[in-house]
Amino acid sequence: MADSFTTTNRFFDNKHYPRGFSRHGDFTIKEAQLLERFGYAFNELDAGKRQPVTEEEQLFVAVCHGEREPVTEQEKVWAKYLARTRRPKKFHTLSGGKPQADAVEDYTDSDD
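Analysis parameters
Residues numbered from 1 in each chain as written. Predicted model: local features only at pLDDT ≥ 70, side-chain atom pairs only at ≥ 80, totals over all residues. Heavy atoms only, no water. UniProt positions renumbered as here; feature names shortened; annotations may be inferred. Core = buried A, V, L, I, M, F, W, Y, C linked by side-chain atoms within 4.5 Å. Buried < 20%, exposed > 50% of the residue type's maximum accessible area, 1.4 Å probe, protein only. Helix = DSSP H or I, 4+ residues; strand = E, 2+ residues; numbered from the N terminus. Contact = heavy atoms within 4.5 Å. Salt bridge = Lys/Arg side-chain N within 4 Å of Asp/Glu carboxyl O.

By the naming in an unreviewed UniProt entry, the chain is Macrodomain Ori protein, taken from Serratia ficaria. Quoted verbatim from the Sequence similarities (unreviewed entry) field of the UniProt record, the comment on the chain reads "Belongs to the MaoP family."

**Points about the nonpolar core**
With 18 residues, the main nonpolar core has Phe5, Phe21, Phe27, Leu35, Phe42, Trp78 and Tyr81 as its most contacted residues. Looking at this core, the elements with two or more residues in it are α2 (29-47), α3 (55-64) and α4 (73-85). Setting aside residues up to four positions removed in sequence, Phe21 forms contacts with Phe11, Phe12, Asp13, Phe27, Ala32, Leu35, Glu36 and Tyr81.

**Things to note about the environment of Gln51**
Assignment of secondary structure puts Gln51 in the loop between α2 and α3. The spatial distance from the C-alpha of Gln51 to the C-alpha of Val61 is 9.1 Å, given a sequence separation of 10 residues. Among all residues touching Gln51, those that are not within four sequence positions of it are Leu45 and Glu57.

**Describing the pattern of salt bridges**
Under the defined criterion, the tally for this structure stands at 6 salt bridges. The residue Arg86 makes a salt bridge to Asp46 at a minimum N-O spacing of 3.3 Å. Of the two residues, Arg86 sits in the segment after α4 while Asp46 sits in helix α2, which places them 40 residues apart along the sequence. Arg50 is paired through a salt bridge with Glu57; the nearest N and O atoms lie 3.2 Å apart. Of the two residues, Arg50 and Glu57, both sit in the buried class.

Structural data, given as structure tokens:
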């Protein structure tokens, strides 16, 4: 991994983890360190803003595209991060049910 995922930028996600990855409780200390150190490169590879240089990066991109299951620590932590941040939000209503359509009743006299 010496030549893979090189970047000088730290990765932060102030939207989902405003106090940092390690303080939220979703990630272990090691996973949080991997995200902070290499997350910027992970994100660029995932978004296609950066081309994979090493075989490890090519395999990582294949995981991002759903072509293979995550195997390495880097692939697993990125998959875990995506599962926590890109999942659809659950929608809750106050009534707890679907709106009911009003039934139209026929009040005309049939005696006419």
